[in-house]
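A look at the structure
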Amino acid sequence: MTTADIFMDRLAIRRGLPADAAALAAFAARSFADTFGAANDPAHLQAFLDATYGVEQQSRELADVDTATLLATLDGELVAYAQVHRGEAPACVGAADAVELQRFYVDRAAHGSGVAQRLMQAVCTAARGFGARGLWLGVWERNPRAIAFYAKCGYVDVGSKTFDVGGDRQSDRVMLLPLDQPGAR
Ligand SMILES: CC(C)(COP(=O)(O)OP(=O)(O)OC[C@H]1O[C@@H](n2cnc3c(N)ncnc32)[C@H](O)[C@@H]1OP(=O)(O)O)[C@@H](O)C(=O)NCCC(=O)NCCS
């Protein structure tokens, strides 16, 4: 068994429960600030964090039948989360019958560890559980590591959309992963 195998042995991925709301809210806010804090105006960032993360907001998301929340824990500690959402897609996604990978965050200490790949497999399973034939996502055009990771997972760039960070309208690339091709995850 390699060191990587032992590490992965300690990783568990499960569906989020209402009782996870407080831990998820704290982790999600910290992950967003860690990722985008340095490149955003502090007032816009704080407005976004206040509107998006909190026990009330994440409780609502965890109870939403159109949202699958996946939590990855290492020895019981939250190290990553993802949310798959069944809803509207931008026109550039086309008639792909796709659900949205709405959020996908791995703790900085676990970047490059393989946690992200494991979580992406669980995301694909959750998307199939919604009956979807594809996954689409929006990723900030200034987030090259995430774009490289999604491309490595098989996502392709299909267009762009805007994303509002506390009043600052930013441009996202829109990427799509077909789930019904031979060799799909
Ligand atoms: C995006 C994320 C989930 C990817 O997970 P990860 O463990 O970092 O991904 P990996 O290391 O397997 O892959 C990242 C790839 O980008 C490459 N990369 C690393 N830094 C890079 C950079 N600055 N610019 C471009 N590519 C970069 C890596 O080399 C790697 O490719 P390789 O395995 O072929 O060498 C993780 O970095 C993360 O949670 N980031 C913060 C949150 C975030 O941005 N979420 C996405 C919101 S849409």
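Look above for the structure.
To start, this report covers the structure provided alongside it. This is a predicted model, so every value here is computed, not measured.

Thresholds applied
Position numbers for residues count from 1 along each chain, tracking the sequence in the order it is written. Selection of residues for local features in this predicted model requires a pLDDT of at least 70, selection of side-chain atom pairs for listing and counting requires 80 or more, and totals for whole chains, interfaces and linings are taken over all residues. Computation of side-chain values covers all heavy atoms of the structure but excludes hydrogens and water. To get an axis, a line is fitted to the C-alpha atoms, and for a helix only the part in contact is used. The angle between two axes follows their N-to-C directions and goes from 0 to 180 degrees. By definition, any uninterrupted DSSP run of H or I lasting at least four residues is a helix, any uninterrupted run of E lasting at least two residues is a strand, and each is numbered from the N terminus. Angular relationships are summarised with four words: roughly parallel below 35 degrees, roughly antiparallel beyond 145, roughly perpendicular across 65 to 115, and oblique for the angles in between. Note on definitions: a residue-residue contact is assigned when non-hydrogen atoms from the two residues lie within 4.5 Å. In the scheme used here, Gly and all other residues not listed as nonpolar or charged are polar, with Ala, Val, Leu, Ile, Met, Phe, Trp, Tyr, Cys and Pro taken as nonpolar and Asp, Glu, Lys and Arg as charged. Here, any two strands with at least 2 DSSP bridges between them count as paired. Put simply, a residue is near a molecule or strand once any heavy atom of it comes within 4 Å of that molecule or strand. Two N or O atoms count as a polar contact when they lie within 3.5 Å, although within protein this holds only if one can serve as hydrogen donor and the other as acceptor, and sequence-adjacent residues are included solely when both atoms are side-chain atoms. Exposure was quantified through the Shrake-Rupley algorithm and a 1.4 Å probe, taking into account, for residues, occlusion by the shown protein chains and nothing else. What makes a crossing left-handed is the near helix being turned counterclockwise from the far one by less than a right angle; a clockwise turn instead makes it right-handed. Definition of nonpolar core: a set of buried residues of the types Ala, Val, Leu, Ile, Met, Phe, Trp, Tyr and Cys, connected through side-chain atoms within 4.5 Å. Each residue is assigned to one of three classes by its accessible area relative to the maximum for its type, calculated with a 1.4 Å probe on protein chains only: buried under 20%, partly exposed between the two thresholds, exposed over 50%. Expected helix span is taken as 1.5 Å per residue step, with the number of steps being one fewer than the number of residues.

This part covers the packing of helix α3 (residues 42-52) against helix α4 (residues 55-63). Their axes nearest at 7 Å, the elements α3 and α4 cross at an angle of 50°. Classed by the angle they form, the pair α3 and α4 counts as oblique. Contacts between α3 and α4 pair Asp-50, Ala-51 and Thr-52 from the former with Gln-57, Gln-58 and Glu-61 from the latter. Residue classes in the contact of α3 with α4 are distributed as one nonpolar, three polar and two charged.

A word on the sheet that holds strand β2 (residues 67-74). In space, the seven strands of this open sheet follow the order β1-β2-β3-β4-β5-β7-β6, with mixed pairing throughout. Of all strands in the sheet, those bounded by a partner on one side alone are β1 (11-15) and β6 (156-165). For this sheet the average axis-to-axis angle between neighbouring strands, irrespective of direction, equals 25°.

Take the site of the ligand next. Taken together, 18 residues lie around the ligand, and Phe-104, Gly-112, Asn-143, Arg-145 and Lys-152 are the ones closest in. Separating an oxygen atom of the ligand from a side-chain N or O atom of His-111 is a distance of 3.3 Å. Here Gln-117 contributes a side-chain N or O atom positioned 2.9 Å from an oxygen atom of the ligand. Within the complex, 69% of the 940 Å² of free accessible area of the ligand lies under protein. Elements supplying a minimum of two residues to the shell around the ligand: β4 (98-106), α5 (115-129), β5 (134-140) and α6 (144-152). Among the elements that make up the shell around the ligand, the one with the highest residue count is α6 (seven residues). Residue composition of the shell around the ligand, by class: 10 nonpolar, six polar and two charged.

Looking now at the packing of helix α2 (residues 21-36) against α4. Between α2 and α4, the shortest axis-to-axis distance is 8 Å and the interhelical angle comes to 115°. The orientation of α2 relative to α4 falls into the category roughly perpendicular. For α2 against α4, the interelement crossing comes out right-handed. Residues Ala-21, Ala-22, Leu-24 and Ala-25 of α2 lie in contact with α4, whose contacting residues are Val-55, Gln-58, Ser-59 and Leu-62. Along the lines of polarity and charge, the residues of the contact of α2 with α4 split into six nonpolar, two polar and no charged.

With 38 residues, the main nonpolar core has Val-84, Leu-101, Phe-104, Leu-135, Tyr-150 and Tyr-155 as its most contacted residues. Counting residues per element, the ones that place at least two in this core are α1 (3-9), β2, β3 (77-85), β4, α5, β5, α6 and β7 (168-178). Among the elements that line this core, the one with the most residues is α5, at nine residues. Filtering out sequence-adjacent residues up to four positions away, Leu-101 remains in contact with Ala-82, Gln-83, Val-84, Met-120, Val-123, Leu-135, Trp-136, Leu-137, Tyr-150 and Tyr-155.

Turning to α2, a few remarks are in order. The terminal C-alpha atoms of α2, which comprises 16 residues, lie 22 Å apart, in line with the 22 Å expected from a rise of 1.5 Å per residue. Of all the residues in α2, the buried ones are Ala-21, Leu-24, Ala-25, Phe-27, Ala-28, Ser-31, Phe-32 and Phe-36. The inward-facing, buried residues of α2 abut α3, α4, β2, β3, β4 and β5.

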